[in-house]
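Read off the chains here:
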Number of protein chains: 2
Amino acid sequence: MAFATACKLQEPVTIADKLFLDLRRAILEGELPAGKKISEPELATAYGVSRGSLREAIGKLENCNLVTRKPNIGARIIGFSTSQLMEIYQIREAMEGMAARLAAENMAEDEVARLRRILERHKAEIDQHHNYSQQDVDLDFHFSIIQGSKNSRLIRMLCQDLYDLVRFYRFRLKASFNRSEQAFQEHNLIVAAIERRDGEMAETLMRHHIRASRDYACKMLDKVSPSEV
Amino acid sequence: MAFATACKLQEPVTIADKLFLDLRRAILEGELPAGKKISEPELATAYGVSRGSLREAIGKLENCNLVTRKPNIGARIIGFSTSQLMEIYQIREAMEGMAARLAAENMAEDEVARLRRILERHKAEIDQHHNYSQQDVDLDFHFSIIQGSKNSRLIRMLCQDLYDLVRFYRFRLKASFNRSEQAFQEHNLIVAAIERRDGEMAETLMRHHIRASRDYACKMLDKVSPSEV
DNA sequence: CATCCTGACATTGTTGACACTTTCAAGTTA
DNA sequence: TAACTTGAAAGTGTCAACAATGTCAGGATG
């Protein structure tokens, strides 16, 4: 997936880094269930490393907001709740809106062209009903715009901190999400605004897009489990 | 300072936590100079703790973006650059704008009243030329609005991740910053919008306020050191 | 019967020692 | 002299053992 590769610039050189990536993948792909308590001795022996390295890896996971720790009690995988998902959408609306504005101002021409190609790929996969890869192409789209903002800290906050959570939720709700055609239309408008270098409009459209995505997710969650917190 | 106390909910119970808070304060207040390399053995003996605890504390500092680490090479305190400061302002514009919108929608009446009182304190200190405490009152103002958003993740991202950096820069540039009267007027407008529960306007005004603050900082930096990166 | 102690067990926090990598200066060679 | 090699020193990464804390079942007490 282009998203993962492009977002992870540095190779894992140390054991703790490798472990961190392993555990992150395991959490994002549901191998380690949400809400589960992490037992340090258990995991350490399972992965064949010492507790020290594991603790360092857990520390990094805490930074990604994928686990929470309490002193003298331990770490657990985050749970998922509708309210937390809504919070994430609000933050994405603000930050990706800004990213779209900056991308319209700062993206190089070839980057804009690449963005347009992602859109074409998206359309092709819709026509062929490749539902499984539409999520990847969607991530690529958002990721490219974030990169285009050229704001290194914004990029880090979104790609490293927030999008892990997005993927965490997306993986667990993927069955419900099939808004690709509508999303494609909205993506189209955003790219057009970026091509016109209209930052104001790009931001407005991106915020609208993410709000629509939030509303859709909210409706789907209500349908699936109306009583769930 | 109300900001620091209210933002730190949990007591430091573990050695690594205490060390983390100590080091964070030392960095924010310039005790440890920007850009300095951190020697683990040196610091560990200086604080009378083992390297393991120190490394855990450094990990937390890395999460706050106050130090950067490279494998097998070590950690160093972040440096400061105008471009990085501008990036932070862009992110604050987006996120605090959203926070102000949500605060207008979600703040309880007594919280709004408290906000108004902060403003009165601000005015009193301007009249008495208490420049040193105006920065604190400014932090309290922004912090209260962020809290008022009721978005727990937004609060965490701003208060824990971004505002450490704000304080890092503010401490090192405090001499140049004397925009309190203008800032007070802008704060006034924002509170008025929140009191009217006008989220749209609160966001617009907050974004304007932060952009004005950025422009001012930019101008000051140019005046002080036009050639600096 | 419910509540409170109590003590053994399991888990986390902390430490010092060992292994590996980087750095840097002295010496060698073209 | 400049560039490369080498070896020691310093620093970081990793580990296993110890100390401190939290957990929970069993029994005593009202």
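> Quick rundown of the sheet that holds strand β1 (residues 37-38) of chain A? Include the residues and the values.
What links the strands of a sheet is backbone hydrogen bonding, and the strands pair in either a parallel or an antiparallel sense. Residue and element names in this part refer to chain A. On the basis of which strands lie adjacent, the open sheet formed by three strands has the order β1-β3-β2 and antiparallel pairing. Each end of this open sheet is capped by a strand with a single partner; those strands are β1 and β2 (67-70). Strand contacts of helix α4 (residues 51-63): β1, β2 and β3 (74-77), with the helix running at about 115 degrees to β2, the strand carrying the most contacts.

> Got a sec to walk through helix α6 (residues 109-127) of chain B? Specific residues and values, please.
Residues and elements named next belong to chain B. Taking 1.5 Å of rise per residue, the 19 residues of α6 would be expected to cover 27 Å, and the 28 Å separating its terminal C-alpha atoms lies within 8% of that figure. All buried positions along α6 are accounted for by Val112, Leu115, Ile118, Leu119, His122, Glu125 and Ile126. The buried side chains of α6 occupy one side of the element, clustering within an arc of 135 degrees when seen end-on. Along α6, the residues that are exposed and aim more than 90 degrees away from the buried face are Glu109 and Asp110. A positive backbone phi angle near 60 degrees is found at His129, which sits one or two residues after α6.

> Give a detailed account of the protein's contact with DNA strand C, specifying residues and quantitative values.
The immediate surroundings of DNA strand C are formed by 17 residues, with Arg51 and Arg55 of chain A together with Thr14, Ile15 and Ser53 of chain B found nearest. Atoms of DNA strand C within 4 Å of the protein: sugar and phosphate make up 72%, bases the balance. Between DNA strand C and the protein, one listed contact pairs a phosphate oxygen with a backbone N or O atom of Asn72 of chain A at 3.2 Å. Note that a phosphate oxygen of DNA strand C is positioned 2.8 Å from one of the side-chain N or O atoms of Ser53 of chain B. Among the elements of the structure, β1, α3 (40-47) and α4 of chain A together with α2 (15-28) and α4 (51-63) of chain B are those that each provide at least two residues to the surface near DNA strand C. Each residue belonging to the surface near DNA strand C can be placed in one class, and the counts come to six nonpolar, seven polar and four charged.

> Which residues make up the pairing of β2 of chain A, and what values do they have?
Residue and element names in this part refer to chain A. Note that β2 and β3 share four bridges and pair antiparallel. The residue of β3 that forms the bridge with Thr68 is Arg76. From the end of β2 to the start of β3, which pair antiparallel, there are three residues, and Asn72 there has a positive phi angle of about 65 degrees.

> Tell me about the nonpolar core, and name the residues and values.
Ranked by internal contacts, the top residues of the largest apolar core, which has 136 residues, are Ile194 of chain A together with Ile194 of chain B. In contact with Ile194 of chain B, not counting residues within four places along its chain, are Ala100, Ala103, Ala104, Met107, Val112, Leu115, Ile145 and Ala202 of chain B.

> Tell me about the protein's contact with DNA strand D, and name the residues and values.
Among the 17 residues in the neighbourhood of DNA strand D, the closest are listed as Thr14, Ile15 and Ser53 of chain A together with Arg51 and Arg55 of chain B. Considering DNA strand D, the proportion of its atoms within 4 Å of the protein that are sugar or phosphate atoms stands at 76%. Take Ile15 of chain A: an N or O atom from its main chain is 2.5 Å from a phosphate oxygen of DNA strand D. Contact between DNA strand D and Arg51 of chain B: a base nitrogen at 2.9 Å from a side-chain N or O atom of the residue. Put simply, the parts of the chain that give the surface near DNA strand D at least two residues each are α2 (15-28) of chain A together with β1 (37-38), α3 (40-47) and α4 of chain B. In the surface near DNA strand D, the residues fall into six nonpolar, six polar and five charged.

> I'd love a proper account of the pairing of β3 of chain A, names of residues and values included.
Residues and elements named next belong to chain A. Only one face of β3 is buried: it carries Ala75 and Ile77, and the other face, with Gly74 and Arg76, is open. By the bridge criterion, two bridges tie β1 to β3 in an arrangement that is antiparallel. Looking across to β3, one finds that Ile38 is bridged to Ala75.

> So, the relation of the copies chain B and chain A: which residues are in play, and what are the values?
With an RMSD of 0.0 Å, the operation that places chain B on chain A is a rotation of 180 degrees combined with a shift of 0.0 Å along the axis. Between the two chains, the operation in question is that of a two-fold axis. Closest to the rotation axis within chain B is the C-alpha of Ala94 of chain B, separated from it by 2.6 Å. Both copies share a contact surface, since 100% of the interface residues of chain B are interface residues in chain A too.

> An account of the domain arrangement of chain A is needed here, citing residue identities and associated values.
All names here are of chain A. Examined at the domain level, chain A breaks down into domain 1 (3-77) and domain 2 (82-228). Just the C-alpha atoms count here: the centres of domain 1 and domain 2 sit 27 Å apart. Counting from both sides, the interface comprises 14 residues of domain 1 and, opposite them, 13 residues of domain 2. The contact between domain 1 and domain 2 buries some 1400 Å² in all, and 63% of this surface belongs to carbon and sulfur atoms. In this assembly, domain 1 and domain 2 are joined by one salt bridge. The partner of Asp164 in a salt bridge is Arg24, with the nearest N and O atoms 2.7 Å apart. On inspection of domain 1 and its partner domain 2, the count reaches two residue pairs in polar contact (both at pLDDT 80 or more). Counting only elements with at least two residues in the side of domain 1 that touches domain 2, the list comes to α1 (2-7) and α2. For the side of domain 1 that touches domain 2, the residue count by class is nine nonpolar, three polar and two charged.

> An account of helix α8 (residues 152-173) of chain B is needed here, citing residue identities and associated values.
Residues and elements named next belong to chain B. In this model, α8 (22 residues) spans 30 Å end to end at C-alpha, consistent with the 32 Å of a helix rising 1.5 Å per residue. Bending of α8 peaks at approximately 45 degrees at the position of Leu162. By the criterion of burial, α8 is predominantly enclosed, with 17 of the 22 residues buried. The N-cap of α8, judged by a side-chain oxygen 3.1 Å from the amide nitrogen of Arg153 a few residues on, is Asn151.

Parameters at a glance
- Residues numbered from 1 in each chain as written.
- Chains lettered and ligands numbered in written order.
- Predicted model: local features only at pLDDT ≥ 70, side-chain atom pairs only at ≥ 80, totals over all residues.
- Heavy atoms only, no water.
- Pairing = 2+ DSSP bridges.
- Helix = DSSP H or I, 4+ residues; strand = E, 2+ residues; numbered from the N terminus.
- Contact = heavy atoms within 4.5 Å.
- Axes fitted to C-alpha atoms, helices over the stretch in contact; angles between N-to-C directions.
- Expected span 1.5 Å × (residues − 1).
- Buried < 20%, exposed > 50% of the residue type's maximum accessible area, 1.4 Å probe, protein only.
- Arc of directions from axis to C-beta.
- Near = heavy atom within 4 Å.
- Polar contact = N/O pair within 3.5 Å; in protein donor to acceptor, adjacent residues only side chain to side chain.
- Nonpolar A, V, L, I, M, F, W, Y, C, P; charged D, E, K, R; others polar.
- Core = buried A, V, L, I, M, F, W, Y, C linked by side-chain atoms within 4.5 Å.
- Least-squares fit on C-alpha atoms with pLDDT ≥ 70 in both.
- Domains from an automatic or database assignment.
- Buried area = accessible area lost by both parts, 1.4 Å probe.
- Salt bridge = Lys/Arg side-chain N within 4 Å of Asp/Glu carboxyl O.
- Bend = angle between axes of the 7 residues up to and from the residue.

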